[in-house]
Amino acid sequence: MALVTAGRLNKQVAGDLGLSEITVKIHRGAAMRKMGARTLADLVRMAEALKLVSPPGSTPYTQV
């Protein structure tokens with residue numbers, strides 16, 4: 001959720017985490033359902049309220 005709300009594309013998130021793009025889409029949908037977000041903008045606002053969004057230009061996770 002943090003990567004998606006940071007503005008990363010599904011393809012980018014998949015590459016960062018070593019998952020398939022389809023898997024990212026499934027998890028993204030599940031996160032939106034569980035959070036009760038109707039749009040990505042709603043999800044971003046929720047992530048900001050939870051302090052999950054990192055500052056612009058930085059990535060929330062770095063792959064080791």
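Rules used throughout
Residues numbered from 1 in each chain as written. Predicted model: local features only at pLDDT ≥ 70, side-chain atom pairs only at ≥ 80, totals over all residues. Heavy atoms only, no water. Helix = DSSP H or I, 4+ residues; strand = E, 2+ residues; numbered from the N terminus. Buried < 20%, exposed > 50% of the residue type's maximum accessible area, 1.4 Å probe, protein only. Contact = heavy atoms within 4.5 Å. Areas by Shrake-Rupley, 256 points an atom, 1.4 Å probe, with all protein chains shown as cover. Core = buried A, V, L, I, M, F, W, Y, C linked by side-chain atoms within 4.5 Å. Axes fitted to C-alpha atoms, helices over the stretch in contact; angles between N-to-C directions. Parallel < 35°, antiparallel > 145°, perpendicular 65-115°, else oblique. Nonpolar A, V, L, I, M, F, W, Y, C, P; charged D, E, K, R; others polar. Left-handed = near helix turned anticlockwise from the far one by under 90°. Patch = residues over 30% accessible without salt bridge, like charges linked within 9 Å, V, L, I, M, F, W, Y side chains within 5 Å. Salt bridge = Lys/Arg side-chain N within 4 Å of Asp/Glu carboxyl O.

1. Observations regarding the overall build of the protein chain
Piece 1. Secondary structure assignment for the protein chain yields 4 helices and 0 strands.
Piece 2. Secondary structure elements of the protein chain, listed N to C terminal, follow the sequence α-α-α-α.
Piece 3. A burial count over the protein chain gives 23% of its 64 residues as buried.
Piece 4. Across the protein chain, the fraction of contacts at a sequence separation of at least 24, relative to all contacts at a separation of at least 6, is 41%.
Piece 5. Approximately 4,600 Å² of the protein chain is accessible, and the part contributed by carbon and sulfur atoms is 58%.

2. Some remarks on the nonpolar core
Piece 1. In terms of nonpolar packing, the biggest core is built from 5 residues, these being L3, V4, V13, A14 and V24.
Piece 2. Only helix 1 (2–5) and helix 2 (10–17) provide two or more residues apiece to this core.
Piece 3. Filtering out sequence-adjacent residues up to four positions away, V4 remains in contact with V13, R28 and L40.

3. Remarks on the packing of helix 2 against helix 3 (residues 21–35)
Piece 1. Put simply, helix 2 and helix 3 touch, their axes get as near as 8 Å, and they point 110° apart. As judged from the angle between their axes, helix 2 and helix 3 are roughly perpendicular. Along its contact with helix 2, which presents N10, K11, V13 and A14, the element helix 3 presents E21, V24, K25 and R28.
Piece 2. Grouping the constituent residues of the contact of helix 2 with helix 3 by class yields 3 nonpolar, 1 polar and 4 charged.

4. Digging into the packing of helix 3 against helix 4 (residues 40–49)
Piece 1. Viewed as axis vectors pointing N to C, helix 3 and helix 4 meet at an angle of 70°, and their least axial separation amounts to 10 Å. Taken together, the axes of helix 3 and helix 4 are roughly perpendicular relative to one another. Crossing of helix 3 against helix 4: the hand is left-handed. The segment helix 3 lies against helix 4, with R28, A31, M32 and M35 engaging L40, L43 and M46.
Piece 2. Its residues assigned to classes, the contact of helix 3 with helix 4 shows 6 nonpolar, no polar and 1 charged.

5. Quick notes on a nonpolar patch on the surface
Piece 1. The grouping of M1, M35, L50 and L52 at the surface amounts to a nonpolar patch, some 320 Å² of accessible area in total.
Piece 2. For M1, the location among the structural elements is in the segment before helix 1.
Piece 3. M1 sits in the partly exposed class, given a relative accessible area of 32%.

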